[in-house]
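Examining the three-dimensional arrangement
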Amino acid sequence: MTGAQGFIGRYFVAHVLEALPDVRILGVGRSPEQRDHFTHHITWRGPVLAPLTAPLAAAARDPRYGYVPLDLNDRPRLSELLAQFRPDTVVHLAAALRDDPPEHLVSSNVGSLVSLIEAIVGGDLPPPLLVLGSSGAVYGAATTVPIDEQSACSPLDPYAVSKVAAENMASVLVQRYGLQTICARIFNPLGPGQDERHVCGRICSQIAAIAAGLADPVLELGTLTATRDFVDVRDVARALFCLIERGQAGATYNVGSGMETSVQQVLDLALRGARLTGAVRLRPMPARPSDISRLVGRTDRLAALGFTCIHDLADSLQEIVDYYLALGDRAQEDRGEASNLYQVEVRSHHSYPVHVEPGLLAELPGRLEQRFGRRRCVLVSEARVARLYAEPLLYGCRQVGLDAHLLIVGEGETSKSLTHFQELVNRLQGLGVARRSVLVNIGGGMVCDLGGFVASAYLRGIPYVNVPTSLLAQHDAAIGGKVAVNTPLAKNFVGAFHHPTAVYCDPAALRTLHRRDLAAGVAEAIKVALCGEPRLFQLLETRADALLDARDPKLLTEVVQRSAARKIALLAPDPLEVDLRRVLNLGHTLAHPLEVEFGYEGIRHGEAVALGLAVATQVAVERGTCPEKDGDRILRLLAAYELPPRLPLDRCEAACSHLGAIRLVRDGRLHFVLPSGIGTVEIVPELDEVELVAALRALSRHPAIGWRLAA
Ligand SMILES: NC(=O)c1ccc[n+]([C@@H]2O[C@H](COP(=O)([O-])OP(=O)(O)OC[C@H]3O[C@@H](n4cnc5c(N)ncnc54)[C@H](O)[C@@H]3O)[C@@H](O)[C@H]2O)c1
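First things first, this report covers the structure right here in the doc. (Residues numbered from 1 in each chain as written. Predicted model: local features only at pLDDT ≥ 70, side-chain atom pairs only at ≥ 80, totals over all residues.)

The four strands lie next to each other as 5-6-7-12, forming an open sheet whose pairing is parallel. What marks the edges here is a single partner per strand, and that holds for strand 5 (89–92) and strand 12 (252–255). Neighbouring strand axes in the sheet, compared pairwise and without regard to direction, differ in orientation by 20 degrees on average. Against the sheet, helix 5 (residues 158–177) engages strand 6 (129–135) and strand 7 (181–186), with an angle of about 160 degrees to strand 6. (Pairing = 2+ DSSP bridges. Helix = DSSP H or I, 4+ residues; strand = E, 2+ residues; numbered from the N terminus. Axes fitted to C-alpha atoms, helices over the stretch in contact; angles between N-to-C directions. Contact = placed C-beta atoms within 7 Å.)

What follows covers unusual backbone geometry. Geometrically, the link from Val145 to Pro146 is a cis peptide bond, its omega value of -5 degrees lying close to zero. Relative to the elements of secondary structure, Pro146 occurs in the loop between strand 6 and helix 5. Pro644 follows Leu643 through a cis peptide bond whose omega is -15 degrees. Along the chain, Pro644 turns up in the loop between helix 22 (628–640) and strand 23 (647–648). Of note, the phi angle at Arg45 is positive, near 55 degrees, even though the residue is not glycine. Relative to the helices and strands, Arg45 resides in the loop between strand 2 (37–43) and strand 3 (47–51).

Considering the arrangement of structural elements, one finds Val255 in strand 12. Classification of Val255 as buried rests on a count of 30 C-beta atoms within 10 Å. Taking the C-alpha atoms as reference points, Val255 and Gly297, 42 residues apart in sequence, are found 7.6 Å from one another. The contact partners of Val255, leaving out residues within four places of it in the chain, are Ala184, Arg185, Ile186, Phe187, Val231, Val236, Ala239 and Leu302. (Buried ≥ 20, exposed ≤ 12 C-beta atoms within 10 Å, placed from the backbone.)

See the structure below:
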């Protein structure tokens, strides 16, 4: 749904999550994700972001809901998102603000709708039902009330004009493309948290401030005789849901209470609820030319679907006043520490290039010089890679005049620890490395994770670039900004999100990689292939021998490019792991405890992932959610890359008992990602250890990989 963080959007999400236990909702909107506030301000001792009510905040955190900040006019990202999520219903509520400049109204209200429709029809999607919500103001100055859906729209201001234009544009486009659409014309919603531009919000906020003793008993209001069709926002949410379930495609529905109520009546009800009747004076506000004197919708069409409003206007107004008074209590509690409540908004936007070019290492000194000029570059690497690539790179950097240094840690996953983190920090400090210096991590995923974490913390964060040299690091570990070290009890337990400034991959460097490390890198490529890239899966199936030989730079480059592109597509909208990125955990929920069980020695990360993939596949096959022939293909592909390695079955079973540490990271809930076919996955709630152990035992009998799990 679009406009997911708007007033109606929030209530709609909460309602659908409550009504449908198995639903998944992907919200998009222009604003960054907010889990505690709406994106608009209200007034309480000055402007504050309107807090979400408890049910709305719970909905924002519900694992079935994810949010992605997205400008709908960004067609490529929108198409990508639709292709991944494949919605069966799209609810479009996004809209510009009433007072935005006209050109912005057009691009937001019309342009984004066109973009949305074209992204839907341009993608390879089963066509979803499209529900378009527009505000009741589309009718403008009506000549007869109540207004039915056949009444002509006579918009009075640029906002309403753009909404009518959007509706008209939609009706032409959806006919052309044969889409199923329902239009909802929403009248005057009210409810806790609403914007004070709307009359109920304005009245209730002032009344609450008077009741709390924060304001003089004077209310500023426009005309009191104007009438509206006020409808509780929760009824609007119910009505939209009813339209999805029972509405007739191609039809337009008024969404309102069907009751004509004057502003004076609203005022009287709200004052009575706050026990302020007769205790306030009115100060009139100037009328606006676009003010409409009478507005009420005929709601028979909606009623014919069996819908009735259940919220009473007086109760709704009372709840809005109570919402403000609760804010007052909160502010009161805060007052011990501070005399005012401030709101800090944090926005961040980061993008960086990922270069994949065979032979790039030879050019890297020049490129680093161009990019970082006089800044000091500290190369971080490990023993084996240092001999092969980091030392020549150091030499090259110095040749081009860079102030370059090289720090080397021991090879292997055990170096990804707090001890080595501390050691590197000490050595950087010893070198006098300052904030403008740049770390250059050159090595496999271990070096990228460790060096990236040091960069995230040293002087509260310094820039770094990744020069990944293993297959796994080139298409996966070096990209995405997740940096961490392990603790003895849990993998990647201490870390941060800190993105590199650039990533430089030279697939030619993979030629020196051991066969076992190549195979470990393929395991992560199989994972991303299962997350929506079936062509990569086929490529890996047909070229196993050539890949393991590592002699074909074109093939290696293609695998890196395809896998990296898939990972980037999955994480681009979701840099902080909230929704799309979660599927990348496929195979990892078991892989991490397995690495813990082995003390991070004797098993590669990719190998552990391979076992995790095999187990996830087996579970999905046993549950009947993945066809047996697809499951078999996945297991045979792993076997073609000599994956997983030979592992004692009892140690694998013991790994299941470490899942608790991962539960801790995931707020007590352990979601598993399971393949549901070649290129598709699903996220399922909590899997118990018994099911995992049963899958491990079944795998140990599988004809292709059974012998790898020795009893
Ligand atoms: N941050 C992320 O998003 C992310 C994603 C996936 C994996 N990881 C992490 O990556 C790590 C695993 O990465 P890895 O498999 O690269 O392990 P690694 O860094 O330990 O490298 C594996 C082996 O390959 C060798 N090597 C690397 N490049 C070489 C080359 N060009 N020629 C010869 N030998 C070379 C190394 O010396 C090492 O022995 C794990 O710690 C894992 O948690 C992180």
